[in-house]
Each structure stands twice: as C-alpha cells, then as structure tokens.
Amino acid sequence: MSLIDLMSMAKPNLKSREKFLARLGGTELVNCFQCMKCTSGCTSLKLLELKPHEITKLVRLGFVDELASSDIIWACATCLKCVQRCPQKASPYHVIMALRNLAVEREANVPEAYLKAVSQILETGVTAPVQKVTTKKMEVFDRESLKLPKINAPKESFQSTFLKALEEKQ
Amino acid sequence: MAKVGVYVCHCGLNIAGVVDVEKVVEHAESLPDVAIAKHYAYMCSETGQSMIQEDIKKHNLDRIVVAACSPRMHEETFRKTVAEARLNPYLLEVVNLREQCSWPHSDEPENATEKARELVTMGVARVKFLEPLEKRRISVEKNVLVVGGGIAGIQASLDLADAGFKVCLVEKAPSIGGRMAQLDKTFPTLDCSACILTPKMVDVAKHPNIELLTNTEVTCVSGFVGNYEVTAVKKSRYVDEDRCIGCELCTQVCPVKVPDKINEGLSETRAISIYSPHAVPKVAIINPTYCLRLKYNACGKCVDVCEAKAINFEQQPKTIQFKVGGIILAVGSEVFDASKMPEFGYGRFKNVISNIEFERISDASGPTGGKIICPQNGEPPKSVVFIQCVGSRDKRFHEYCCRVGCMVSLKQAILAREKLGRNADVYICFNDLRAFGKGYEEFYERARGLDINFIAGLPSDIRSAADGSLYSDVYDRGINKLLEIHADLVVLANGLVPNSDFDKISELFRVSRSADGFLLEAHPKLRPLESPTAGIFLAGTCQGPKDIPDTVAQASGAASKAIDLLSSGEIELEPLRAVVNKDSCSGCRICESVCPYNAVEMKTEEINGVENLRAEVVEAMCQGCGLCASACPAGAIEMQHYTDEQVLAQVYAASLKTEARGGSPI
C-alpha cells in the first residue's frame, strides 16, 4: 500500500494483511463505513480507550502487525454490542479475537493475566481459582464451611486434550 | 442458400477488452453461408450502422447477425438499420456478447473468446431459419388508470387530463393527498406542503377529464397494452358522497374516540370523521371497526344531526369495471417502523419519535397546532437530537440509502430552531450527510448558520436516566471524543421502505420488484418511467425512495410516456405471436387455460361430417409469451420468430461443439 503513518513512520504490511483477511474469511467482517456506532457504545472505551472503528480501519489499511503487538486489543470486554448493532454487519469483536490469536501465535505482548488463566485451567480445570468469600457482616466462607464438595484437580487426560486443542487452534 | 453477414461489436472495451474479437470474426468467416464478417468499435454508431447497410446492398446479404450487447438494449436499433436497407427487420439475430459473455467472464478472456465463438455459431445457425414478419397494428383505448392519489398520482393525472386524456384516479384512502398531505414544510425552500398540494388536490376533483375514485381498490386487471380491463371495488363509506357537505356536525356528536390516522395516532378523532383538514373529497367516512351502530346496532347520533341525510348504514361496496389503454402505478411507499430497532427505544420511550410524527407535531393543522412539544409531558423540548440512517444503509433492514432522511432532518432541525428559539440545543447525529439536489447544499449551509450542531457519528443506543430523561453517548470522529448528549426529544430519521402490499400489487399488475423490494423499472437508466410490462408506467416512491421534486418529475414523465403510447389511437405490436397448426390440434383446451391474456378461443369445425374442437389464437390479444406453445401436448402451437426449427438449429449448433469435445449433446 502506498501510504505511511507519519505519526509513527509505520508502513502497512500487505502480506500480514492478506494472511489476516484470509483468517477472517474475507473483508466482510471489516466492511466498515465508519459510522461510529460501535465506538459510541463500546463498554471499554471510557476506561481503556478501545475504539473498535479504529481497529477495523487499521486492519483494512494493513497495520495488522502493529495491532497484534499492541495492548489495546486486550481491552475488549466481549460484550458483543458492536456485533449486534453494526449496520454493516461488520464485527469488531471477531476482528479483535482474531488479533488476539495472532498475538498468541507470535508470542507478542500477551498480558500476563491471560497466560495465568491458561495455566490455571491446566492445573485446576476451572477458569477462576476457588476463593474465600467475605459477606457484608464480615463472615468468611469457603467451600468447606459451606459444605460444598472439594474440587479435584483435573485428570491427566483433560490436560492433554486441552493442550492438544490449543495447538490445533493455532 | 442464405447469405449471412456477421458483425462483431467491440462496445469500446466492454467486449473487446475481454473477448478477442478478431478471432471471433475469423471463426465466423469459416462458418457455412457466412458471406462477410467484420468487427468495429461501436456497431450502434452511425458508422457501424451504415457499414451494415452498405454491405447488405453491395453483397446482397439476406440475413444479418450482430454480436454486441443484449438485444434488450439495441435489437430495435439494428432492426431499423436493417429495414432501412430494404431487408425485413426480422431477418436479424442479435447475439449477446456483453451481458452474457464479456461481463460475467471478465477474468477468463480465453474461455470468453471460446464462448463468444460458440454463441456466434448458434446465432448463424438460427438466423438462416428466420422468416420475414410484419408488425401488427391494434387500436387502443385513449384513457389511463392512475393508481394512487399522492403527489405522484395527482401530478400524472393532471398532466394527462390537461392533454385531453380521460383519467381514472383510484385511491384506497378516503382522500387524495398521500404522504405529502402529512408534511409541514418542504425542503429546500421551506414553503408549506399544504399550500402547494391542496390547490392541486382541488384541481383533480374539479377537472372534467378526471374521474376520482377514493376509498377504492383495484382488484383485477386483465388484457394487454392499449386494452386493459380493470375491476375496482369502492368500499363502503356509509356516507353518501353526493349528499355530504362536509359540515362535520356528525364528528362533533359522535361519542367513539378513534386514533387519528393522518396524525400518525398522535391525536384522536371520532368514528365518523373527515380524513384530514384538507381532504378531497371533503366527505365524512365511518370507521366500521369502531362505529357503535355498525357493531352493535346502537347509537346513531350522527343520523340525527345530519341535515343533508347523507348517512347510510346500508351502503354496500360497489364493483366498478372499465377499460383503459395504459396504467400509471403511483402507489407510494411506507415509512420504516423504528420499533424493529430496539437500541433506539422507539415505542419504549414516549419522547423518541419518528420523523413523520415530527412533521405532524410541527404542522399547524396537526395535533399540537404546530407547537413543537415532547409527547410525554407536553413541554417544549430544550434539546432535540436527530439520528440519521434509521433502517436504511443498514444490512439488518434495508441496504439502500433512503435519499430523503438527511434533507428531512435538516429541514426539521431548522423548523425546531425557528420554533424553539435560540435557547434550545439542536443536534444532528449523522454518518454521511447527503445534500445532493438543486439548492440542497445551500440548505445545509443555512442549517449550519442557524447554530445546529452536527455530530459526525451515530449513537449506539438511547438510554433513560434515573429521572426518566433520555441521554445518549456519541463518539464524534471529528474531534475524537465521546460525548454524552441529553435529549428531551429524539427524532429518528426513518427511511422509506417498500409498501407491505407490493406483493399483491406486483401480482395484480404483472410488474416485478427489484432486489430492494421496490417496483422494478424497465431499465435503470434509459427507461426509468416504464415497468417491463408494456403500457404500465411507474411514478413516485413506489419505484424507489424519492423526494418531492423527483417524484413530480417522474410523474410528469410517466404521464408523457402514456400520452406518447396512446395519442395516435393505435399501437404497433411485435409480430411475435402463437400460431396453431389446426391439423395437429386435438382440442384439449390446455392452451386456453394457461393463456394469461385470454387470447385463445375454441372453435368447432366440421371435417368430413365430424365436429371437432380447435384452438384459435386471437391475433390482437396474443402477447407472444409462449406459454401455450410449451404447454401444448400435441406440439400444435408454434411461436413466430421462435419456431421449433429456429430454436433447435441453435441447440444443434451448440451441441455439435460439445460432442466434438467428448461431452454428450444435451
């Protein structure tokens, strides 16, 4: 592409653009006419400055590499409002998820929390660790005091299936 | 032996950019009976046409093949060319190398060239069997049916009537006027809609050449161009149109409240009422779903006060039949129902209204007397937010641009500014603002000068705060900031959408619909006023969203087209008609039952003392659709210009090539 981002002097990478669009199954999901409806309603805009319309436009222009190594793609709260309301049936959510997958593949700038979540699942079989709960009356409960059954560590077969699934995804 | 001339057109680069025209010519020269083959940049140009004419004279050609664009585009042109050279115009075959070859195969030029060669082979095979034919002339009715009494129907009717044609204007509502009768002021001049519309409505009612049928629907159309037979049903008004003087005494005493249709249900009228303040004819109508007398045989207060003795509860629907030469469809469109789009809360929040409701609120004859107020509390709004592209440019609903939403909102924003004063805030949230017509950009400039805030971005949703007030977050792409806008009144720029009864209409009048759901014109650029069915014309928003200037222009155009068709009292018909071979006809009557034009008549004939039933095609009524020919089990019916011999020659030519390649023919 014959353009340069003069603010960062970055040039678009056409190869990664092509590869990425193939992964999205064509341009349908980035078929955006910049009406701002997604950004107006974005849950992560006010706190984390995620602008879905910018992501779609940057992908179209070929700045995929910059996006894959950026922090901003990890800000999406996956509320899916943008998917539901987009008048052009584009989907910033799906684009962001694809960018996250690309970032994992490239081992680029993946937030620690996400990596922790993976090892957490591998070790315990659940996404969030079992925690103690404090009520308004400052009483502390855990599973044992609530007489809930213990959660066992996952079987080895689960771990191998999970790892295999992760590899296949890539 | 036939002497065939083959002419391959480049169509600039449309054909020659893909198909190797020289190879096609080379191939044509090798075909039997082809005397001459040429190619040229634009066959339809004068040079191209005279080239064909000179060759016909010089080489005594008796059959011509033109390989160019679709025959729908230029078959008539080349028929004239051939006829001027004293050759029967029906000895011409047009091979479509553009729409059916170079355009769809633009990325595979070699295969396209191969296909072009085969198409030319097939054309040459067919042209040899063509027979000279003469056009038929039939007489036509010199009157026109106009369906729909909005501004399009009104304009078309007046134009036709002024030109001396008898017009029958059918409107399904109790009054003419249509959508324009609901509008307050019109862009870009801000003249009031009623002031320019009502004189025309009165002209329609008074014109000696116009028969006005309100509260009437067309139920059946048969016949063909120049000779349509129309059946319409005039629904019961329960009020005698000739007696009612429009004094509205009945409305004053009627106890039953009914939502007012002309005010989009924002106010109430009574079960007996006059449709709108400017109604033509100014005659009351009883709503049978609400009237106590018609439902329970009670009340009857209106009868007591009516001095003209116009009320008649026994009135029955009346069936009317008449013959017309042409039909103008001006059936209009509907406004998008924004409750299909839950994020904007239309229907949930009282202060979110549609643009047509804003028109009623702003109109001096509307429910508020022209005062702009919030429906919820009746207070004038301190801030008004317009949201553009509701239901249009949206793949979930309608993909097209509604073409009026931007200008309607600009106008309404200006009206809001004028009526609410400088202290109110007016916002327009848009994606693209399209001000494309004459004087429209200047109108946009005028709105900017009136301190109307343009927000470059659409809100994701409308929300209500704890106190019930409305607000919305909008990201403006001009300043890259997220804005929170508090709105007392939200106006949605709903687009125009196809009528819900278009299915019925397209079946009734045999007109098709385009992908967007509107009625289809014969050609998007060159024949925008006609439907593909001969003698049926389109006017106004039934063909696609339009503003008033475009609607009026199209209506006048459609009227001129109808005048053009019918003025001589005679029309020429293509000689494409069905011919029955009486010896093969078994009298099974299948053709009679399939013919959509009632052109087949059954006659008894005596042969050797035995009476036999035989089908006969009435020449003037046959439209050459070919249904009977394909339905005839005995193969006794043939289509002129598409005889079995002619079509099979083409099929044979196509299958020969397939066979040579190792495939099986058919």
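In this text, all values refer to a predicted model and were calculated from it rather than measured experimentally. One numbering rule holds for all chains: residues counted from 1, following each sequence as written. Chains carry letters and ligands carry numbers; both start at the beginning, A for chains and 1 for ligands, and go up in the order they are written. Under the rules for a predicted model, residues below a pLDDT of 70 receive no local features and side-chain atom pairs below 80 are neither given nor counted, while totals for whole chains, interfaces and linings still include all residues. The side-chain values count all of the structure's non-hydrogen atoms but skip hydrogen atoms and water molecules.

**Here we look at the overall build of chain B**
Then step 1. The helix and strand tally for chain B stands at 18 helices and 34 strands.
Then step 2. Here the C-alpha coordinates of chain B stretch approximately 90 × 75 × 45 Å along the principal axes.
Then step 3. Between buried and exposed lies partly exposed: a residue is buried under 20% and exposed over 50% of the maximum accessible area for its type, with that area taken using a 1.4 Å probe on protein chains only. Counting all 666 residues of chain B, 53% fall into the buried class.
Then step 4. Contacts are residue-level and defined by heavy atoms, with any inter-residue pair within 4.5 Å sufficient. Nonlocal contacts in chain B, meaning residues at least 24 apart in sequence, comprise 69% of its contacts between residues at least 6 apart.
Then step 5. With an accessible surface of roughly 29,900 Å², chain B has 50% of that area assigned to carbon and sulfur atoms.
Then step 6. Averaging the locations of the 74 positively and 87 negatively charged side chains of chain B gives two centres separated by 4 Å. What counts as a helix is a DSSP run of H or I of at least four residues, what counts as a strand is a run of E of at least two, and both are numbered from the N terminus. Surface exposure here means Shrake-Rupley accessible area, sampled with a 1.4 Å probe, where a residue is shielded only by the protein chains that are shown. Under the convention used here, Asp and Glu are negative, Lys and Arg are positive, and both His and the chain ends fall outside the count. Where a charge lies is defined by one atom per residue type, namely NZ (Lys), CZ (Arg), CG (Asp) and CD (Glu).

**Considerations on helix 8 (residues 112-124) of chain A**
All names here are of chain A.
Then step 1. For a helix, the expected span equals 1.5 Å multiplied by the number of residues minus one. With 13 residues, helix 8 ought to run about 18 Å at 1.5 Å a step, and its terminal C-alpha atoms sit 18 Å apart, in line with that.
Then step 2. Buried within helix 8 we find Gln120, Ile121 and Leu122.
Then step 3. Looking at the residues trailing helix 8, positive phi occurs at Gly125, about 85 degrees.

**With respect to empty space enclosed by the protein**
Residues and elements named next belong to chain A.
Then step 1. Space inside and on the surface of the protein is sampled on a 1 Å grid over the protein atoms alone, with a cavity defined as a set of points where a 1.4 Å probe fits but cannot get out and a pocket as an open set with protein on both sides within 12 Å along at least 5 of 7 lines; lining residues have an atom within 4 Å of a point. Grid points are joined across faces, edges and corners, and a volume is the space filled by probe spheres set on the points. All told, the structure shown has ten cavities of 30 Å³ or more when counted by the stated rule.
Then step 2. For the largest cavity, the lining is made up of 20 residues, of which Cys42, Thr43, Pro52, Cys79 and Cys82 are closest to its centre.
Then step 3. Elements with a minimum of two residues in the lining of the largest cavity: helix 2 (37-40), helix 6 (81-85) and helix 7 (92-105).

**Some thoughts on the packing of aromatic side chains**
All names here are of chain B.
Then step 1. Two rings from Phe, Tyr or Trp (for Trp, the six-membered ring) form a pair when their centres sit within 6.5 Å of each other. Planes less than 30 degrees apart are called stacked, planes more than 60 degrees apart edge-to-face, and all others tilted. Applying the stated rule across the entire model yields nine aromatic pairs over all chains.
Then step 2. Note on Tyr444 and Phe454: the rings are 5.2 Å apart at their centroids and 70 degrees apart in plane angle, and the pair reads as edge-to-face. Of this pair, Tyr444 sits in helix 13 (residues 440-449) while Phe454 sits in strand 23 (residues 453-456), placing them ten residues apart in sequence.
Then step 3. Classification of Tyr444 as buried rests on a relative accessible area of 14%.
Then step 4. Phe454 gets classed as buried once you look at its relative accessible area, which sits at 19%.
Then step 5. Taken together, the ring pairs in this structure connect Phe187, Phe436 and Tyr440 into an aromatic cluster.

**Here's the deal with the packing of helix 4 (residues 52-61) of chain A against helix 7 of chain A**
The axes of two packed helices give the description: the angle between them and the distance between them.
All names here are of chain A.
Then step 1. Where helices are involved, their axes are fitted lines through C-alpha atoms of the stretch in contact, as for all axes, and angles between N-to-C directions lie from 0 to 180°. Between helix 4 and helix 7, the least distance of the axes is 9 Å, while the angle of their chain directions is 65 degrees. Considering only the axes of helix 4 and helix 7, their crossing is left-handed. Here Pro52, Ile55 and Val59 of helix 4 lie close against helix 7, whose contacting residues are Pro92, Val95, Ile96 and Leu99. It is the rotation of the near helix from the far one that decides the hand of a crossing: anticlockwise by less than a right angle makes it left-handed, clockwise makes it right-handed.

**A short note on the sheet that holds strand 3 (residues 63-68) of chain B**
Residues and elements named next belong to chain B.
Then step 1. If DSSP finds at least two bridges between two strands, the strands pair. One open sheet accounts for four strands, arranged 2-1-3-4; its pairing is parallel. Looking at which strands have only one partner, the edges of the open sheet turn out to be strand 2 (34-40) and strand 4 (92-96). Adjacent strand axes in the sheet meet at a mean angle of 15 degrees when their direction is disregarded.
Then step 2. Here strand 1 (residues 4-9) runs beside strand 3; their pairing, made up of five bridges, is parallel. By the bridge assignment for strand 3, Gly5 is matched with Ile64.

**A short note on the state of the cysteines**
Covalent bonding between the sulfur atoms of two cysteines defines a disulfide.
Then step 1. The definition used for a disulfide is geometric: two cysteine sulfur atoms within 2.5 Å. Inspection of the entire model under this criterion finds one disulfide over all chains.
Then step 2. Between the sulfur of Cys192 of chain B and that of Cys195 of chain B lies a disulfide, 2.2 Å long from S to S. Here the disulfide of Cys192 of chain B and Cys195 of chain B is right-handed, its torsion about the S-S bond being about 95 degrees.
Then step 3. Residue Cys82 of chain A stays outside any disulfide, its sulfur separated by 6.3 Å from that of Cys79 of chain A, the closest cysteine.
Then step 4. On the basis of relative accessibility, which here comes to 15%, the residue Cys82 of chain A falls in the buried class.
Then step 5. Not engaged in a disulfide, the cysteine Cys402 of chain B finds its nearest cysteine sulfur in Cys401 of chain B; these two sulfurs lie 5.6 Å apart.

**Notes on the environment of Lys603 of chain B**
Residue and element names in this part refer to chain B.
Then step 1. Of note, Lys603 is situated in strand 32 (residues 600-607).
Then step 2. Separated by 458 residues in sequence, Lys603 and Leu145 have C-alpha atoms that sit 33 Å apart.
Then step 3. Among residues more than four places away in sequence, those in contact with Lys603 are Asn612, Leu613, Arg614 and Glu616.
Then step 4. Within the structure, the side chain of Lys603 is placed 3.2 Å from the side chain of Glu616, a separation counted as a polar contact. In protein, a polar contact means a hydrogen-donor-capable atom and an acceptor-capable atom, both N or O and within 3.5 Å, with residues adjacent in sequence counting only if both atoms are side-chain atoms; elsewhere, any N or O pair within 3.5 Å suffices.

**Regarding unusual backbone geometry**
All names here are of chain B.
Then step 1. A cis amide bond links Phe187 to the next residue, Pro188, at an omega of -5 degrees.
Then step 2. Along the polypeptide, Pro188 turns up in the loop between strand 8 (185-186) and strand 9 (191-192).
Then step 3. For the peptide bond that leads from Val280 to Pro281, omega is 0 degrees, which places it in the cis range.
Then step 4. At Arg510, a position not held by glycine, the phi torsion is positive, near 55 degrees.
Then step 5. Locating Arg510 in the fold gives a position in the loop between helix 14 (502-509) and strand 29 (536-538).
Then step 6. The residue His641 is not glycine, and still its phi comes out positive at about 75 degrees.
Then step 7. With respect to the element layout, His641 can be found in the loop between strand 34 (637-639) and helix 18 (644-660).
Then step 8. On the accessibility criterion, His641 (3% relative accessible area) is buried.

**Remarks on the pairing of strand 23 of chain B**
Every regular strand shows the same layout, with side chains that alternate between the two sheet faces.
Then step 1. By the bridge criterion, four bridges tie strand 22 (residues 425-430) of chain B to strand 23 of chain B in an arrangement that is parallel. Within the sheet, the bridge partner assigned to Phe430 of chain B lies in strand 23 of chain B and is Ala456 of chain B.

**Describing the pattern of salt bridges**
Opposite charge on two side chains lets them pair, provided their charged atoms get close.
Residues and elements named next belong to chain B.
Then step 1. Think of a salt bridge as a Lys or Arg side-chain nitrogen and an Asp or Glu carboxyl oxygen that are within 4 Å of each other. Counted according to the given criterion, the structure contains 44 salt bridges over all chains.
Then step 2. With a shortest N-O distance of 2.8 Å, Asp363 and Arg360 are connected by a salt bridge.
Then step 3. On the accessibility criterion, Asp363 (10% relative accessible area) is buried.
Then step 4. By relative accessible area, Arg360 is classed as buried at 1%.

**A closer look at a nonpolar patch on the surface**
All names here are of chain B.
Then step 1. Side chains of Tyr642, Val647, Leu648 and Val651 sit close together on the surface and give an oily, nonpolar patch of about 330 Å² of accessible area.
Then step 2. By secondary structure assignment, the location of Leu648 is in helix 18.
Then step 3. You can call Leu648 exposed: its relative accessible area is 54%. What goes into a patch is any residue over 30% in relative accessible area without a salt bridge, connected to like charges within 9 Å or, for nonpolar side chains (Val, Leu, Ile, Met, Phe, Trp, Tyr), within 5 Å.

**Comments concerning the confidence of the model for chain B**
Then step 1. When pLDDT is averaged along chain B, the result is 93; 98% of the residues meet or exceed 70.
Then step 2. What the predictor reports for the complex is a pTM of 0.85 with an ipTM of 0.83. pLDDT gives the predictor's per-residue confidence on a scale running from 0 to 100.

**A look at the packing of helix 1 (residues 14-23) of chain A against helix 4 of chain A**
Residues and elements named next belong to chain A.
Then step 1. Helix 4 packs onto helix 1 with a crossing angle of 120 degrees between their chain directions and a minimal axis gap of 8 Å. Taken together, helix 1 and helix 4 sit at an angle that is classed as oblique. In this structure, helix 1 uses Arg17, Phe20 and Leu21 to contact helix 4, whose residues at the interface are Val59, Arg60 and Leu61.
Then step 2. The residue inventory of the contact of helix 1 with helix 4, partitioned by class, reads four nonpolar, no polar and two charged. Any angle that falls under 35 degrees is termed roughly parallel, while one over 145 is termed roughly antiparallel, one within 65 to 115 roughly perpendicular, and all others oblique. Each residue is assigned to one of three groups, with Ala, Val, Leu, Ile, Met, Phe, Trp, Tyr, Cys and Pro labelled nonpolar, Asp, Glu, Lys and Arg labelled charged, and all others, Gly among them, labelled polar.

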